[in-house]
Amino acid sequence: RVTILNTGNVGIGTVSPTISGTGKLHMNADTMRLDTARTITNATDAGNVGEICFDSNYGYYCIATNTWKRWLLSSW
């Protein structure tokens, strides 16, 4: 089920999407899926604030235009 309010908030699995800040997406779920890997080759690769991607070794998060941070993925 998808709900779109006149405020622009989008809910997936909820009829009453509630968001803090200027966010617009509320998922009533415990998992989010990205199905295609993307490797960021250096910290200044093209990117927009808030983008998230991954490859087999790292997760990547864009903190400013063309500015990435990464974290090492490990098994436990």
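Overview of the structure. Not measured: the values here are computed from a predicted model. (Residues numbered from 1 in each chain as written. Predicted model: local features only at pLDDT ≥ 70, side-chain atom pairs only at ≥ 80, totals over all residues. Heavy atoms only, no water.)

Things to note about the nonpolar core
What counts here: Buried Ala, Val, Leu, Ile, Met, Phe, Trp, Tyr and Cys residues form a nonpolar core when they are joined through side-chain atoms within 4.5 Å. Here the term buried applies to any residue with accessible area under 20% of the maximum for its type, exposed to any over 50%, and partly exposed to those in between, with areas from a 1.4 Å probe on protein chains only. In this description, contact between two residues means that some pair of their heavy atoms is separated by no more than 4.5 Å.
The biggest cluster of nonpolar side chains holds five residues, and these are Ile40, Cys53, Tyr60, Cys62 and Trp68. In contact with Cys62, not counting residues within four places along its chain, are Gly47, Asn48, Val49, Gly50, Glu51, Thr67 and Trp68.

Section: the sheet that holds strand β1 (residues 2-4)
Short version of the rule: At least two DSSP bridges between two strands are needed for those strands to be called paired. To qualify as a helix, a DSSP run of H or I must reach at least 4 residues; to qualify as a strand, a run of E must reach at least 2; elements of each kind are numbered from the N terminus. Axis definition: a line fitted to C-alpha atoms, limited for helices to the stretch in contact. Angles are taken between N-to-C directions and run from 0 to 180 degrees.
An order of β1-β2-β3 is seen for the three strands of this open sheet, with the pairing classed as mixed. Pairing within the sheet leaves two strands with one partner each, and these edge strands are β1 and β3 (25-27). Averaged over all neighbouring strand pairs, the angle between strand axes comes to 15°, with direction disregarded. Of the pairings in the sheet, the one linking strand β2 (residues 10-12) to β3 comprises three bridges and is parallel in character. Note on β3: the bridge partner recorded for Val10 is Leu25.

No statement about biological role is implied by the geometric values presented.
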